[in-house]
Amino acid sequence: MAQASTALERRYGDTQRTDRWWLEPLLVGSGLLIFVVYSTVSGVLGEYWAFETEHGLYLSPFFEPLIHPEFLPDWFSPAILILWAPIGFRTTCYYYRRAYYRAYFLSPPACAVREPAGSYSGEGVFPFVLQNAHRWFMYVALLFIPILWNGAIRSFWLDGEGIGIGLGSVLLTVNAALLTMYTIGCHSLRHWVAGGLNQFSRTPLRRLRRRLWEIFTIANEHHRLWAWTSLIIVGVTDLYVHLVASEVVTDPNTWSGPI
Amino acid sequence: MPTAHLRVWRGTDDGEYVEYEVEYDEGMVVLDVVHRLQATQTPDLAVRWNCKAGKCGSCSAEINGKPRLQCMQRMELYPEGETITLAPLKTFPIIRDLVTNVAWNYDQARAMPELRLRPADADGNRRMAQIDIDRGQEFHKCIECYICQDVCHVIRDHPENMAGFAGPRFFVQLASIAMHPLDTNTRRATVDHGFGLDYCNITKCCTDVCPEGIHITDNAIIPLKERRVDEFHDPLRIIARKLTGRG
Ligand code: SF4
Ligand code: SF4
Ligand code: FES
Ligand code: FES
């Protein structure tokens, strides 16, 4: 019985896959879109929506570290001074590249599913050659690990009352932890620490670097997991801090007075 | 005995899918069913195979649209009664039925740099520490089934790129040379040359299909890309090079 010839299979979306190959790009694409829209709204409207609770107990991770120079106009959200770094880091991340190349560029939409573009030139040409800036963003992202841990630790200390714990402190801590896992699982960092070496055994320092490489590899093997969990938690934490700071919800905590 | 409904590509480029019903026994793999089809109904069906143990890399084909080894797909994976579509690897020129001409891959193999070992020690031996070679051992598992080459959209969807792209299987080989503790090839011959590495957008289909479970993207392609970043794009290294006047 005659059916379609191979010539006919050279159309976009053509595949003989019988599974739901479109589900993954659909979920990934929607997830990323929700996050991008949410973080833009939250970041840009920062000045119109409290992002810090009183006494600085909880500060949204989108605004950490808080930089607010006097000369900037009122409408200028301090998040804009921060967010370029994580946005750049994630946009150029090897995992997110895979995710959005598949979900948005449909290049390819899924494995063995024909892509729509008539020609393809890869990451060697502008603008994709800029993905190489991932190394630069990785250096900046490393600075954010202590900064976010600092914010998390601060959230266990309320001025006037002392040490305690609230739901916000838990979220900020989990956020710092997941971001740490995401960052140490970075392919670029894994390479930077020892991946470029060929003879690890030569010196004790090289052996140590190799050891670190092995540890980072453990995180790296689940880079997608850390990418998503750290993305979700940072959004949830930001939303939570906004809600508490604008007194829409009350933070359950061990302190006696209002926070 | 269960019955398989097969839809098999017959002929060359302008061939067609032909449907067959084949009875099979429990525990069979797709290749067994193809052999039974060949033995009972279509003695002229072309299919390439050798080991039937997932080790020779000969029986690659596309099963329900996914590049696979026919000898490693158990029939239990496919619900009884559902049609199983069998096609040749679509990236390579078809010879007939399920057999393609994979010679392009041999051209890529020939273009790869050769391993150039450092001179031996005074006693005539070459020594490598385990810690220096265990990263590369994964690369040697490759059985050259070319399933990764077949699935790679760079050439599957854009055959014009075949001229400047070695493909994931050969990035694995390039990585094993570039990372070899005793190799003396220049960076120019391996990493700088790149063999079309920039075409890869690390969408990972090669890794998804590799029957040997080689982490092609994470352990070969991305590390090679990162070595290229070291060479051309790392701000700290660029500054260090300027300051020391090296490189
Ligand atoms: S990850 Fe790169 S080499 Fe592998 S299939 Fe995708 S584009 Fe091809
Ligand atoms: S890397 Fe894996 S998929 Fe590619 S040829 Fe080797 S064994 Fe086959
Ligand atoms: S590769 Fe994902 S953060 Fe670097
Ligand atoms: S026949 Fe050897 S791998 Fe399938």
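Rules behind the numbers
Residues numbered from 1 in each chain as written. Chains lettered and ligands numbered in written order. Predicted model: local features only at pLDDT ≥ 70, side-chain atom pairs only at ≥ 80, totals over all residues. Helix = DSSP H or I, 4+ residues; strand = E, 2+ residues; numbered from the N terminus. Buried ≥ 20, exposed ≤ 12 C-beta atoms within 10 Å, placed from the backbone. Contact = placed C-beta atoms within 7 Å. Near = placed C-beta within 6 Å. Nonpolar A, V, L, I, M, F, W, Y, C, P; charged D, E, K, R; others polar. Expected span 1.5 Å × (residues − 1). Arc of directions from axis to C-beta. Axes fitted to C-alpha atoms, helices over the stretch in contact; angles between N-to-C directions. Parallel < 35°, antiparallel > 145°, perpendicular 65-115°, else oblique. Left-handed = near helix turned anticlockwise from the far one by under 90°. Pairing = 2+ DSSP bridges. pLDDT = per-residue confidence, 0-100.

Some thoughts on the overall build of chain B
- Secondary structure assignment for chain B yields 10 helices and seven strands.
- When the backbone C-alpha atoms are referred to their principal axes, chain B occupies close to 75 × 45 × 30 Å.
- Taken over 247 residues, chain B has a buried fraction of 46%.

Describing the overall build of chain A
- For chain A, the helix and strand inventory stands at eight helices and two strands.
- Mapped from its N terminus to its C terminus, chain A presents α and β elements in the order α-α-α-α-β-β-α-α-α-α.
- For chain A, the spread of C-alpha atoms along the principal axes amounts to about 80 × 55 × 40 Å.
- In chain A, which comprises 259 residues, the share counted as buried stands at 37%.
- Here the analysis covers contacts within chain A between residues at least 6 apart in sequence; of these, 71% occur between residues at least 24 apart.

Section: the site of ligand 1
All names here are of chain B.
- Around ligand 1, 14 residues are found, and the nearest of them are Cys152, Pro168, Cys200, Cys205 and Cys206.
- Going through the elements one at a time, α5 (153–156), α8 (205–209) and α9 (216–232) are the ones with two or more residues in the shell around ligand 1.
- Considered class by class, the residues forming the shell around ligand 1 number nine nonpolar, four polar and one charged.

A few points about the site of ligand 2
All names here are of chain B.
- In the vicinity of ligand 2 lie 16 residues, with Cys142, Cys145, Cys148, Arg169 and Cys210 positioned nearest.
- Mapped onto the shell around ligand 2, the elements with two or more residues apiece are α4 (147–151) and α6 (168–178).
- At three residues, the largest contribution of residues to the shell around ligand 2 is made by α6.
- Here the shell around ligand 2 is composed, by residue class, of 12 nonpolar, one polar and three charged.

Quick look at helix α7 (residues 204–220) of chain A
- An ideal rise of 1.5 Å per residue puts 24 Å on 17 residues; α7 of chain A measures up with 24 Å between its terminal C-alpha atoms.
- On its buried side, α7 of chain A packs onto α5 (167–184), α6 (187–195) and α8 (223–245) of chain A together with α3 (130–137) and α9 of chain B.

Some details on the interface of chain A and chain B
- Of the residues lining the interface, 39 residues belong to chain A; the matching set on chain B comes to 46 residues.
- Where the side of chain A that touches chain B is concerned, the elements lending two or more residues are α3 (94–103), α4 (134–154), α6 and α7 of chain A.
- At five residues, the largest contribution of residues to the side of chain A that touches chain B is made by α3 of chain A.
- Among the residues forming the side of chain A that touches chain B, the class breakdown is 10 nonpolar, 20 polar and nine charged.

A few points about helix α1 (residues 30–40) of chain B
Residue and element names in this part refer to chain B.
- Among the residues of α1, Val30, Leu31, Val33, Val34 and Leu37 are the ones counted as buried. Mapping the buried residues of α1 onto a view down its axis gives an arc of 160 degrees, with all of them on the same face. Exposed side chains of α1 directed beyond 90 degrees from the buried face belong to Ala39 and Thr40.
- In the core, the buried residues of α1 are packed alongside β1 (3–10), β2 (16–23) and β3 (60–63).

Quick look at the packing of α4 of chain A against α5 of chain A
All names here are of chain A.
- One way to put it is that α4 packs onto α5 with a least axis distance of 8 Å and a crossing angle of 165 degrees. In this view, α4 runs roughly antiparallel relative to α5, as classed from their interaxial angle. Considering only the axes of α4 and α5, their crossing is left-handed. Facing Ala141, Leu142, Ile145, Leu148, Trp149, Gly151 and Ala152 of α4, the residues of α5 in contact are Leu172, Thr173, Asn175, Ala176, Leu179, Thr180 and Thr183.
- Here the contact of α4 with α5 is built from residues that sort into nine nonpolar, five polar and no charged.

Some thoughts on the environment of cysteine 205 of chain B
- Mapped onto the fold, cysteine 205 of chain B is located in helix α8.
- Along the primary structure cysteine 205 of chain B and glycine 11 of chain B are separated by 194 residues, whereas in three dimensions their C-alpha atoms are 28 Å apart.
- Those residues in contact with cysteine 205 of chain B, other than ones at most four positions away along the chain, are Cys111 of chain A together with Val151, Cys152 and His153 of chain B.

Focus: unusual backbone geometry
Residue and element names in this part refer to chain A.
- Across the junction of serine 107 and proline 108, the peptide omega takes the value 0 degrees, indicating a cis bond.
- Here proline 108 shows up in the loop between α3 and α4.
- You will see that leucine 106, though not glycine, has its phi angle at about 50 degrees, which is positive.
- As for its position among the elements, leucine 106 is in the loop between α3 and α4.

Looking at the pairing of strand β4 (residues 66–69) of chain B
Residue and element names in this part refer to chain B.
- Along β4, one buried face is formed by Lys66 and Arg68 and the opposite face, lined by Pro67 and Leu69, is buried too.
- As paired strands, β3 and β4 are joined by four bridges and run antiparallel to one another. Following the sheet pairing, isoleucine 63 is matched in β4 by lysine 66.

So, the pairing of strand β5 (residues 83–87) of chain B
All names here are of chain B.
- Most of β5 is tucked away: four of the five residues are buried.
- Summarising the sheet, β1 and β5 pair through four bridges and their orientation is parallel. The residue bridging arginine 7 from the neighbouring strand is threonine 85, located in β5.
- With two bridges connecting them, β3 and β5 associate as antiparallel partners. Its bridge partner being in β5, isoleucine 63 is matched across the sheet by leucine 86.

Topic: the confidence of the model for chain A
- A residue-level look at chain A finds 95% of positions with pLDDT of 70 or above and a mean pLDDT of 90.
- Counted against residues more than four places away or in other chains, residues 1–8 of chain A, with its pLDDT under 50, gives 10 contacts.

Topic: the confidence of the model for chain B
- Confidence along chain B averages 95 in pLDDT terms, with 99% of residues attaining 70 or more.
- In the predicted assembly, ipTM is 0.92 and pTM is 0.94.

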